[in-house]
Amino acid sequence: MNNIVLVSSFDPINNENIEDINKCNSLDTMFYFYILFSKYCSIKYREEMIDLALKNSGIKYQFFISLSEMPVKSIDLSSIVSDLNKKGINDVKFLIHDDKSYLVSQNKILSTNGKLKVDENGYDHSKGIRALENLYTSKVIIDFIVNNHLYFMPLIENYIKGKRLVHCISVANTAYDIAIANKLDRPDLYYIAGILHDIGKQASTDESLDIMEKYYRNYIDMPEFSIHEFVGVIYAQKLFPSVNKECIRAILSHATGDENMSPLQKVIYSADKIEPTRGYDSSALINVCKEDFNHGFLVVLDKNMEFISQENGSLSMNLFTRRCLKCYLNKWIK
Ligand SMILES: [Fe+2]
Ligand SMILES: [Fe+2]
């Protein structure tokens, strides 16, 4: 039997962890998870996420957590080896995830006294997930984080609540699905932009005016419905300083559209109008976007202009939407 002890906080388990496990796996490999202390999430949740990530993978593993319920400065790897030896488990190797992953044999550990220094401030690939810099993990883990209000969620939920939160999660899921179906790079960014896109919507009128005067003086005449795009940018950057710039651009154009839109901007604009909780049957439009997001965007933009022209034509007269129509759908320019 090939016995590998995995050492990390798994907070949460990320794609790099999963790739390394797959690389080291074989029919006779057993993995022992040694989960380091973390202040961000309980061991119970982290175990549940590992279970979700490895479910149906055929990987054999056990949790081995008894020494990690408190913060520690270093871990005595040789004592883990002797604990396992006592259970008749020999030939142990370690796969350690921190700033970089490395595999070491039992002998090498013993020759360095078996101490592994734990650096709480060191780079850990899960850190980016917690800070919404990336979501490099399985979609089931993303859903678990969101449904259980972990990591970035309490911050988001201070600003987006109730029905609006349901809408934002639905935009995130729709945008993610469209990105996957179109084989677009970084589907995680589609999720992030989706969940953040309306973060400026609950700001008070005074607060919104303050932000417009301070940061967007040139756009102070933009219509009321578009103000939350600008406020959202400021909130998203304040709450999540490492959020990707492309996500910020998508927040800034999700309601009005703009010229020269990136794939992320087009998908977020579309997902915002067609996510399934909007209250009408949007399944055909979602399918069009899944087949071809560029074409889908044009269809959604056209439908939205039709809707706006029946309701209140002036919405399309703002600077951003005019630029958008000039670039993509000239027929609506009057
Ligand atoms: Fe919005
Ligand atoms: Fe929205």
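J.: Mind showing me how you'd approach the overall build of the protein here?
T.: Along its length, the protein carries 16 helices and seven strands. Within the protein, buried positions represent 38% of all 334 residues. Residue pairs at least 24 apart in sequence account for 70% of intrachain contacts in the protein once pairs closer than 6 positions are excluded.

J.: Hey, could you run me through the nonpolar core in this one?
T.: When a protein is soluble and globular, its nonpolar side chains tend to lie buried together. Residues Ala175, Ile192 and Ala193 are the most contacted members of the largest nonpolar core, which totals 85 residues. Broken down by element, the residue count for this core peaks at eight residues, all from helix α8 (residues 162-181). Apart from the residues within four sequence positions on either side, Ile192 is in contact with Leu132, Leu135, Val243, Asn244 and Cys247.

J.: Help me understand unusual backbone geometry, please; the structure alone is not making it clear to me.
T.: A negative phi angle is the norm for most residues apart from glycine, just as the trans form is the norm for most peptide bonds. A cis amide bond links Asp11 to the next residue, Pro12, at an omega of -5°. Mapped onto the secondary structure, Pro12 falls in the loop between β1 (2-8) and α1 (15-24). Here Phe10, not a glycine, exhibits a phi torsion of approximately 45°, which is positive. As for its placement among the helices and strands, Phe10 is situated in the loop between β1 and α1. We classify Phe10 as buried; it has 24 C-beta atoms within 10 Å.

J.: How should I be thinking about the domain arrangement of the protein in this particular structure?
T.: What the domain assignment lists for the protein is domain 1 (2-124) and domain 2 (152-332). Here the C-alpha centroids of domain 1 and domain 2 sit 41 Å apart.

J.: Quick question: what am I supposed to make of the environment of Ile234 here?
T.: With respect to the helices, strands and loops of the structure, Ile234 is situated in helix α11 (residues 227-239). Here Ile234 falls in the buried class, since 22 other C-beta atoms lie within 10 Å of it. Considered as a pair, Ile234 and Ile248 are 14 residues apart in the sequence and their alpha carbons are 9.0 Å apart. Apart from the residues lying within four places of it in its own chain, the contact partners of Ile234 are Ile211 and Tyr215.

J.: Looking at this structure, how should I read the environment of Phe144?
T.: Secondary-structure assignment places Phe144 in helix α6 (residues 139-147). Along the sequence, Phe144 and Cys289 sit 145 residues apart, while their C-alpha atoms lie 26 Å from each other.

J.: So what exactly am I meant to see when it comes to the packing of α8 against helix α9 (residues 187-196) here?
T.: Angle between the axes and distance between the axes: these two values describe a pair of packed helices. It is at 7 Å that the axes of α8 and α9 come closest, and there the two elements cross at 160°. By the criterion of interaxial angle, the relationship of α8 to α9 is roughly antiparallel. Two packed elements cross with a definite hand, and for α8 against α9 that hand is right-handed. Only Pro187, Tyr190, Tyr191, Ala193, Gly194 and Ile195 of α9 make contact with α8, whose side of the interface consists of Cys168, Ile169, Val171, Ala172, Ala175, Tyr176, Ala179 and Ile180. Counted by class, the contact of α8 with α9 contains 13 nonpolar, one polar and no charged residues.

J.: Honestly, α9 in this entry has me stumped. Any pointers?
T.: The α-helix winds at 3.6 residues per turn, so residues separated by three or four positions along the chain end up facing the same way. Of all 10 residues making up α9, 10 are buried, and the element is well covered by its neighbours. Among the residues of α9, Pro187, Asp188, Leu189, Tyr190, Tyr191, Ile192, Ala193, Gly194, Ile195 and Leu196 are the ones counted as buried. In the core, the buried residues of α9 are packed alongside α6, α7 (153-159), α8, α11, α12 (245-253) and α13 (263-274).

J.: What exactly am I supposed to notice about helix α15 (residues 293-311) here?
T.: The terminal C-alpha atoms of α15 lie 26 Å apart, and with 19 residues this matches the ideal 27 Å at 1.5 Å per residue to within 8%. Those residues of α15 that sit buried are Phe293, Gly296, Phe297, Val300, Leu301, Asn304 and Met305. Looking straight down α15, one finds its buried side chains confined to an arc of 170°; they lie on one side. Turned more than 90 degrees away from the buried face of α15, the exposed residues are His295, Glu306 and Gln310. Each element contacted by the buried residues of α15 is listed here: α8, α13, α14 (283-291) and α16 (319-328).

J.: It is not clear to me how the pairing of β1 should be interpreted in this structure. Could you clarify?
T.: Side chains on a regular strand alternate between the two faces of the sheet. Of all seven residues that make up β1, five are buried, and the element is covered over most of its length. Alignment of β1 against strand β2 (residues 29-35), held across seven bridges, turns out to be parallel. Each residue of the ladder has a partner; that of Leu6, found in β2, is Phe33. With α1 bridging β1 and the parallel β2, this β-α-β connection has right-handed handedness.

J.: I would appreciate a short explanation of the packing of helix α2 (residues 43-54) against α6 in the present structure.
T.: Contact geometry for α2 and α6: axes closest at 9 Å, N-to-C directions at 150°. If you check the angle between α2 and α6, you find them roughly antiparallel. The handedness of the crossing between α2 and α6 comes out as right-handed. Every residue of α6 that contacts α2 at Glu48, Met49, Leu52 and Ala53 is listed here: Val140, Ile141 and Phe144.

The rules behind these values
- Residues numbered from 1 in each chain as written.
- Chains lettered and ligands numbered in written order.
- Predicted model: local features only at pLDDT ≥ 70, side-chain atom pairs only at ≥ 80, totals over all residues.
- Helix = DSSP H or I, 4+ residues; strand = E, 2+ residues; numbered from the N terminus.
- Buried ≥ 20, exposed ≤ 12 C-beta atoms within 10 Å, placed from the backbone.
- Contact = placed C-beta atoms within 7 Å.
- Core = buried A, V, L, I, M, F, W, Y, C linked by C-beta atoms within 7 Å.
- Domains from an automatic or database assignment.
- Axes fitted to C-alpha atoms, helices over the stretch in contact; angles between N-to-C directions.
- Parallel < 35°, antiparallel > 145°, perpendicular 65-115°, else oblique.
- Left-handed = near helix turned anticlockwise from the far one by under 90°.
- Nonpolar A, V, L, I, M, F, W, Y, C, P; charged D, E, K, R; others polar.
- Expected span 1.5 Å × (residues − 1).
- Arc of directions from axis to C-beta.
- Pairing = 2+ DSSP bridges.
- Right-handed = clockwise from strand over helix to strand, strands pointing away.

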